[in-house]
Amino acid sequence: MSVRLLALAIAALSGVTMAVQGSLNAALGKVIGLLETTFVVHLVGLALVAVLLFGFRLGDGRLACYAQAPWYYYLGGVLGVLIIYGVVRSIPRVGVAPATTAIIIGQVLTASLIDHLGLFGLEKLPFTWHRLLGTLLMAGGAWLLLKK
């Protein structure tokens, strides 16, 4: 299997886990509340990563280099909270498939902009009409999923 194909398979598996995670988080949100769910999800994730890093000594061993990263790289933690909250808020109202489709469309549009501008030190990849058409087709799919 090529490296690119493996990377796409891992990304697809990530998508599977995101759909399951969103469903679990939405269910938990009904029991304990939105902000409480966001807190618990991050606390459980922190505990798991702490065990992996410090218990099993996994990772690259460069945690001490944290000060070398620009401050805005740490906004991922803030975005994680917003993501969990948004997913927990939207899935019970529209369903898993439409919410996930909307999330993916938002991700693709934002990712295309990041690629096009080469933000965060990434290689510039132009936004082509192929990408636009693909995004529009996904948006059409989202609309169809919302139809009753």
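1. Some remarks on the pattern of salt bridges
Move 1: What the rule picks out here adds up to two salt bridges.
Move 2: A salt bridge links Arg62 to Asp60, with the shortest nitrogen-to-oxygen separation between them at 3.5 Å. In terms of burial, Arg62 and Asp60 fall into one category: exposed.
Move 3: Close ionic contact of Arg131 with Asp115 constitutes a salt bridge, the shortest N to O distance being 3.2 Å.

2. Overview of the environment of Leu24
Move 1: For Leu24, the position within the fold is in helix α1 (residues 3-32).
Move 2: C-alpha of Leu24 to C-alpha of His130: the two residues are 106 residues apart in sequence and 34 Å apart in space.

3. What about the packing of aromatic side chains?
Move 1: Under the defined criterion, the tally for this structure stands at two aromatic pairs.
Move 2: Pairing Trp71 with Tyr72 gives two aromatic rings, centres 5.7 Å apart and planes at 90°, and the pair type is edge-to-face.
Move 3: Exposure remark for Trp71: the relative accessible area of 65% places this residue in the exposed category.
Move 4: On the basis of an interplanar angle of 85° and a centroid distance of 5.2 Å, the ring pair of Tyr72 and Tyr73 is categorised as edge-to-face.
Move 5: Assessed through its relative accessible area of 39%, Tyr72 is described here as partly exposed.

4. Re the packing of α1 against helix α2 (residues 34-55)
Move 1: Where α1 meets α2, the axes come as close as 8 Å, and the angle between the chain directions of the two elements is 130°. Classed by the angle they form, the pair α1 and α2 counts as oblique. As for how α1 packs across α2, the hand of that crossing is right-handed. Across the interface between the two elements, Gln21, Asn25, Leu28, Gly29 and Ile32 from α1 touch Leu34, Glu36, Thr37, Val40 and Val41 from α2.
Move 2: By residue class, the composition of the contact of α1 with α2 is five nonpolar, four polar and one charged.

5. Some details on unusual backbone geometry
Move 1: The residue Arg57 is not glycine, and still its phi comes out positive at about 55°.
Move 2: The residue Phe120 is not glycine, and still its phi comes out positive at about 60°.
Move 3: Following the sequence through the fold, Phe120 ends up in the loop between α4 (96-117) and α5 (129-146).
Move 4: The exposure class of Phe120 is exposed, given its relative accessible area of 51%.

6. Considerations on the side chain of Asn25
Move 1: Its location among the elements puts Asn25 in helix α1.
Move 2: In this structure Asn25 comes out as buried when scored by relative accessible area, which is 5%.
Move 3: Residue contacts for Asn25: discarding those within four places in its chain leaves Thr37, Val41, Ile84 and Val88.

7. Digging into the confidence of the model for the chain
Move 1: Confidence in the prediction of the chain, expressed as mean pLDDT, is 88, and 99% of residues score 70 or more.
Move 2: The least confident element of the chain is α5, whose mean pLDDT is 83; the most confident is α2, at 95.

What counts, and where the lines are drawn
Residues numbered from 1 in each chain as written. Predicted model: local features only at pLDDT ≥ 70, side-chain atom pairs only at ≥ 80, totals over all residues. Heavy atoms only, no water. Salt bridge = Lys/Arg side-chain N within 4 Å of Asp/Glu carboxyl O. Buried < 20%, exposed > 50% of the residue type's maximum accessible area, 1.4 Å probe, protein only. Helix = DSSP H or I, 4+ residues; strand = E, 2+ residues; numbered from the N terminus. Phe/Tyr/Trp six-rings, centres within 6.5 Å; stacked < 30°, edge-to-face > 60°. Axes fitted to C-alpha atoms, helices over the stretch in contact; angles between N-to-C directions. Parallel < 35°, antiparallel > 145°, perpendicular 65-115°, else oblique. Left-handed = near helix turned anticlockwise from the far one by under 90°. Contact = heavy atoms within 4.5 Å. Nonpolar A, V, L, I, M, F, W, Y, C, P; charged D, E, K, R; others polar. pLDDT = per-residue confidence, 0-100.

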